[in-house]
Amino acid sequence: MNQVAKKYGASALPGVNLVPNEIAERRKMRSVRLMAIVAVLIAIGAVVVVYLGAVGTRVAAQSGLNDALNQQDAAIEQRDALAPVYAAYVEREIDEYALSQAGWGEIDLSQFIVAVANEASSDAASFTSIQFLGPSAVGTGGDTQDAVFASSIGTITFSAIAESPQEATALIARLEALPGLASVRATGGGFEGNEGEVFWHFDGVATVTPAVLTMRLIPQDSIIGLTPESIEAAVRAASGQEVAPAPAPVPSPSPTAQAEG
Amino acid sequence: MKSKYAPIMALTVLVILVILALGWFLAIRPQLTKASEIRSTTDSVQSNTAQIQTGTAKIKQYEADLAALEPLDETLALNLPNRLDVEGYRTRILAAIDRAKVEIVSLELGGSYAVDGWEVEPQTRVSNSIARLFQTAPVGQPADATVPDPAATPAEGEQPGVAPGAYSPIVTPDTVPGPIVDELWAVPVSLQFAGTYAEMAKLFSELSDPQSQLFLITDVRVSARNGDSSPIAGVSDAEDGDVLVSLQGVFYLLYPSTEIVDDGTPEPARPGKNEPFVPGEPAGEQPGAR
């Protein structure tokens, strides 16, 4: 019921739409089209907004990547600036290996030769000659080529005279007991006379062991980690001799280096 | 439902769906995919950076460890010089002979020879451990896309297996087994002298002076020189208990200098009062003579 009807007490009558149906439908159609267009525009707008958000995300990610790349470049620059450390270690290795190779074979002969000679300082036996072949930078000194009596870093061969074969044996035993000598044996012997004096002449050979090496030139603060045993094994391997049971035939790096893997 | 607006509504829904689909697949999703790839690359770069920084810290520790070691410069300069001081070694040996009171028979300088350096497995070298810390290459850059072809033949000046533009570390580890020391030379010196047993020991002690260059005695032959031994020119007659000693020692040179050193310019020289080919005063008794 409309307001005029309420004012004059008119009975409730059904409302009459005076607008023609064609016009009303045309309006509705316009409205529906408008709604459709708005809906499409909203959809386009939504796509644009989400797209802009995605672009923003990508740009932010790219910015983060650029920062990370800059940090990486700075880290590499800082690391590469330490290249002289590598060169310094190479130089130190050269120095240590050079000193070790040149000096490992040093023996204090003023002690060793005298100690050997002193074993015959008696009336019962004396040397007529002593020859020492010691180690050097190119390898060990001498090899008796006898598998039973193993070789080591050097060799001593000697000739001696004794009043009896028993005294010769005693001299061999004393030499065997001397630190720095091993595998002492006589290679020949017999009585020989000269101007009425008869002696038991005999020749002998012995192996010089690493016990007499001074090792004074082997750096104590070593980065190459060489030891007398590993040096001896390395030298024997390099010179083509049979390698006796020993630690690694090649020098081992320091524990620090091993830890780096 | 049958309505004359239904086609419009259906068309509208269809258009919206098409817009959304096209927007998603052609615009939004590529951006999100790209952003995801970039974030993934960023994670790789950050992880790689952390690895590089860890390596840098280790290198710095190596640097500190090396600085704490006792320097070898003086020891090397003394024992492994790059030039043999001829006057110096002769003076040293002759002075030692005088102090030991032995009598010299001969002194010879042999021909020098190269010493093959000890061969070392590269992986056992500390320097190689350090070099490996320099091998971490940067990631996340266009150059990463270039993968070297190991079978490709490198052009002149290029490292094998390294593609053009690929990362080249500032330090390359040595992978070939071989000697570390490649220029160690030996100069042999032979000496023969006569004296008593005690004098011989004294001379060996003099020659092994740790304050002088290493003179590595590698070959010694001690022979008894008793009273009935043959005389030696310039040397006192033998007595029972004397020894005749022949020894050979070696001086070592590291990276020997082959530079010719010849200071000054020649001056005019004419024969003077001296007669260089007329025998002078004969040798007298040696300081160690009895």
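Computed from a predicted structure; not experimentally measured. (Residues numbered from 1 in each chain as written. Chains lettered and ligands numbered in written order. Predicted model: local features only at pLDDT ≥ 70, side-chain atom pairs only at ≥ 80, totals over all residues. Heavy atoms only, no water.)

Here's the deal with the overall build of chain B
Okay, so step 1: In terms of regular secondary structure, chain B is built from five helices and seven strands.
Okay, so step 2: Along chain B, helices and strands appear, N-terminal first, in the series α-α-α-β-β-β-α-β-β-α-β-β.
Okay, so step 3: At 40 Å, chain B has a C-alpha radius of gyration far larger than the 19 Å of a compact globule built from 290 residues.
Okay, so step 4: In terms of overall dimensions, chain B has a C-alpha envelope of 145 × 50 × 35 Å along the principal axes.
Okay, so step 5: When burial is assessed residue by residue, chain B has 36% of its 290 residues classed as buried.
Okay, so step 6: For chain B, the share of sequence-separated contacts (at least 6 apart) that also reach a separation of at least 24 residues comes to 81%. (Helix = DSSP H or I, 4+ residues; strand = E, 2+ residues; numbered from the N terminus. Rg over C-alpha atoms; globule rule 2.2 N^0.38 Å. Buried < 20%, exposed > 50% of the residue type's maximum accessible area, 1.4 Å probe, protein only. Contact = heavy atoms within 4.5 Å.)

Overview of the pattern of salt bridges
Oppositely charged side chains are able to pair whenever their charged atoms sit close together.
Okay, so step 1: Taken as a whole and assessed by the stated rule, the structure comprises nine salt bridges over all chains.
Okay, so step 2: Between B:Lys4 and A:Glu25 there is a salt bridge; the shortest N-O distance is 2.5 Å. Here the residue B:Lys4 occupies a position in the segment before helix H1 (6-68), and A:Glu25 occupies one in helix H2 (residues 21-80), the pair thus bridging two chains.
Okay, so step 3: One salt bridge connects A:Glu106 with A:Arg216, and the closest N-O pair in it is separated by 2.7 Å. (Salt bridge = Lys/Arg side-chain N within 4 Å of Asp/Glu carboxyl O.)

What about the interface of chain B and chain A?
Okay, so step 1: Each partner contributes residues to the interface: chain B has 91 residues there, and chain A has 88 residues.
Okay, so step 2: Summing the contributions of chain B and of chain A, the shared interface buries around 8000 Å²; its carbon and sulfur component is 70%.
Okay, so step 3: On inspection of chain B and its partner chain A, the count reaches two salt bridges.
Okay, so step 4: Of all the secondary-structure elements, those providing two or more residues to the side of chain B that touches chain A are H1, helix H2 (73-79), strand E2 (113-115), helix H4 (126-132), helix H5 (197-207), strand E6 (216-225) and strand E7 (242-254) of chain B.
Okay, so step 5: When residues in the side of chain B that touches chain A are grouped by element, the largest group, 31 residues, is from H1(B).
Okay, so step 6: Partitioned by chemical class, the residues of the side of chain B that touches chain A number 52 nonpolar, 25 polar and 14 charged.
Okay, so step 7: Here five bridges tie strand E1 (residues 125-133) of chain A to E6(B), and the two strands are oriented antiparallel to one another. Residue pairing in the sheet places A:Gln131 in a bridge with B:Arg221 of E6(B). (Buried area = accessible area lost by both parts, 1.4 Å probe. Nonpolar A, V, L, I, M, F, W, Y, C, P; charged D, E, K, R; others polar. Pairing = 2+ DSSP bridges.)

Describing the pairing of E1(A)
Okay, so step 1: When E1(A) meets strand E2 (residues 154-162) of chain A, the two strands line up antiparallel, connected through eight bridges. Bridge pairing links A:Ala125 to A:Ala162 in E2(A).

Let's talk about the nonpolar core
Grouped burial of nonpolar side chains is what soluble globular proteins tend to show.
Okay, so step 1: Within the largest apolar cluster, 99 residues are counted, with the highest numbers of intra-cluster contacts made by A:Phe112, A:Leu181 and B:Tyr252.
Okay, so step 2: Counting residues per element, this core draws most heavily on helix H3 (residues 83-103) of chain A, which supplies ten residues.
Okay, so step 3: In this structure A:Phe112 touches A:Ile107, A:Phe132, A:Ile156, A:Pro179, A:Gly180, A:Leu181, A:Val208 and A:Val212, once residues within four positions along its chain are discounted. (Core = buried A, V, L, I, M, F, W, Y, C linked by side-chain atoms within 4.5 Å.)

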